Amino acid sequence: EELDRVKTAFMRKVAHELRAPIAAIQSFLVSILAGYGSPQVQREMQERAVLRAGELLDLVNDLLNLSRLKDAKMEPKVQEVSLKKVLDEVLSLHGPDAQQKRIVLDVTCEECPPILADPGHIKQLWTNLISNAIKYTPEGGRVRVRLRAQDGSVVGEVEDTGIGIGPEDLPRLFEEFFRTEKAKAFAQYGTGLGLSIVRQIVTECGGEIGVESEVAKGTRFTFRLPAAPAPAS
Ligand SMILES: Nc1ncnc2c1ncn2[C@@H]1O[C@H](COP(=O)(O)OP(=O)(O)OP(=O)(O)O)[C@@H](O)[C@H]1O
Ligand SMILES: [Mg+2]
């Protein structure tokens, strides 16, 4: 019964999240078909419909990722992974987003042992933390990424000079669909699934993650993942 209640609440949230972009796309299409407005207005409505469709696709992809992560039957493809190598790949993808906002990306990597994980999951981990840092930092800010080895673990940090998170919101941060009011006002689109995906991945790897933040100053996420056992020599 408890499971039923949780499932129903989850479905309600999903339906709610899907409804907004679908309703927007439908109303744009109706106006476009009716020939409403000048050619310029028509063009703007087309562009906004495309944006909302992109948002819908992101949401569905996040939901698929989360359900795969939670499915006990879907074994992660665990192998030795270099956090640094995956980080470089993710940085090359998100560098342009940072540049566009004139955000300085400051990266410090120590030599670290590999970890045992599914490489695709590690890519999602870095992607979510780094894209959040860029998304929630105003123009001209700084995002600092650090990686170091510590007592048989690898520790990663993503720190920004962004909008921050109030102490009242911190306990709910990793919940599915949770977004702070500040975040909604600052960056309109987002589903609030990114950090729940991050938490799922860190747990799967036997690690832990924490966050410190100060409103209007910035935020720092720190995660620790156990290093792969050294090969017997
Ligand atoms: N670096 C950050 N600075 C400030 N707030 C953040 C930061 N990272 C996450 N948050 C807060 O945590 C919430 C949840 O983050 P999460 O990544 O799960 O969702 P999202 O970015 O809103 O949407 P998406 O699912 O598209 O990633 C955000 O909405 C925001 O309120
Ligand atoms: Mg996010």
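Residues numbered from 1 in each chain as written. Chains lettered and ligands numbered in written order. Predicted model: local features only at pLDDT ≥ 70, side-chain atom pairs only at ≥ 80, totals over all residues. Heavy atoms only, no water.

**Re the sheet that holds strand β2 (residues 104-109)**
With mixed pairing, five strands are arranged side by side in an open sheet as β2-β4-β5-β7-β6. Edge positions in the sheet fall to β2 and β6 (208-214), since each of these pairs with one other strand and no more. Across the sheet, the mean angle from the axis of one strand to that of its neighbour is 10 degrees, orientation sign disregarded. The pairing of strand β5 (residues 153-160) with strand β7 (residues 218-226) spans eight bridges and is classified as antiparallel. (Pairing = 2+ DSSP bridges. Helix = DSSP H or I, 4+ residues; strand = E, 2+ residues; numbered from the N terminus. Axes fitted to C-alpha atoms, helices over the stretch in contact; angles between N-to-C directions.)

**Section: the domain arrangement of the protein chain**
Entries for the protein chain in the domain assignment read domain 1 (2-70) and domain 2 (79-226). Relative to domain 2, the C-alpha centre of domain 1 lies at a distance of 25 Å. Listed per partner, the contact involves 13 residues of domain 1 and 13 residues of domain 2. Three residues, D62, L66 and L69, lead the burial of domain 1 against domain 2; their summed loss comes to 41% of the area buried on that side. Across the contact surface, domain 1 and domain 2 share one salt bridge. The salt bridge involving K70 is made with E176; its shortest N-O contact spans 2.7 Å. Applying the counting rule to domain 1 against domain 2 returns two residue pairs in polar contact (both at pLDDT 80 or more). For the side of domain 1 that touches domain 2, the elements supplying multiple residues, two or more each, are α1 (2-33) and α2 (39-70). Counting residues per element, the side of domain 1 that touches domain 2 draws most heavily on α2, which supplies nine residues. Tallied by class, the residues present in the side of domain 1 that touches domain 2 amount to six nonpolar, one polar and six charged. (Domains from an automatic or database assignment. Contact = heavy atoms within 4.5 Å. Buried area = accessible area lost by both parts, 1.4 Å probe. Salt bridge = Lys/Arg side-chain N within 4 Å of Asp/Glu carboxyl O. Polar contact = N/O pair within 3.5 Å; in protein donor to acceptor, adjacent residues only side chain to side chain. Nonpolar A, V, L, I, M, F, W, Y, C, P; charged D, E, K, R; others polar.)

**Structural notes on the site of ligand 1**
In the neighbourhood of ligand 1, 22 residues make up the surrounding shell, with N132, D160, R179, T191 and L195 lying closest. A distance of 2.6 Å separates an oxygen atom of ligand 1 from a polar atom in the side chain of T191. When the free accessible area of ligand 1 is taken as 590 Å², the share hidden by the protein chains comes to 95%. Listing elements by their share of the shell around ligand 1, those giving two or more residues are α4 (119-135), α6 (194-204) and β7. Counting residues per element, the shell around ligand 1 draws most heavily on α4, which supplies three residues. The residue inventory of the shell around ligand 1, partitioned by class, reads ten nonpolar, eight polar and four charged. (Near = heavy atom within 4 Å. Areas by Shrake-Rupley, 256 points an atom, 1.4 Å probe, with all protein chains shown as cover.)

**Points about the pattern of salt bridges**
Going through the model one piece at a time under the given rule, you end up with 19 salt bridges. A salt bridge links R146 to E159; its shortest N-O distance comes to 3.3 Å. With a gap of 13 residues between them, R146 in strand β4 (residues 142-150) and E159 in strand β5 connect regions that are remote in the sequence. Taking relative accessible area as the criterion, R146 reaches 27% and is therefore assigned partly exposed. (Buried < 20%, exposed > 50% of the residue type's maximum accessible area, 1.4 Å probe, protein only.)

**A word on the nonpolar core**
Among the nonpolar cores identified, the biggest contains 42 residues, and L83, I122, L125, W126, I130 and L225 are the most heavily contacted of them. Those elements that place two or more of their residues in this core are α2, α3 (83-100), β3 (115-117), α4, β4, β5, α6 and β7. The element contributing the most residues to this core is α4, with seven residues. When residues of this core are assigned to domains, at least three fall in each of domain 1 (2-70) and domain 2 (79-226). Sequence-distant contacts of I130, defined by excluding residues within four places in its chain, comprise L87, V90, L91, H94, V145 and V158. (Core = buried A, V, L, I, M, F, W, Y, C linked by side-chain atoms within 4.5 Å.)

**Some words on unusual backbone geometry**
The phi dihedral of D151 falls on the positive side, at around 45 degrees, and the residue is not glycine. Counting through the fold element by element, D151 comes out in the loop between β4 and β5.

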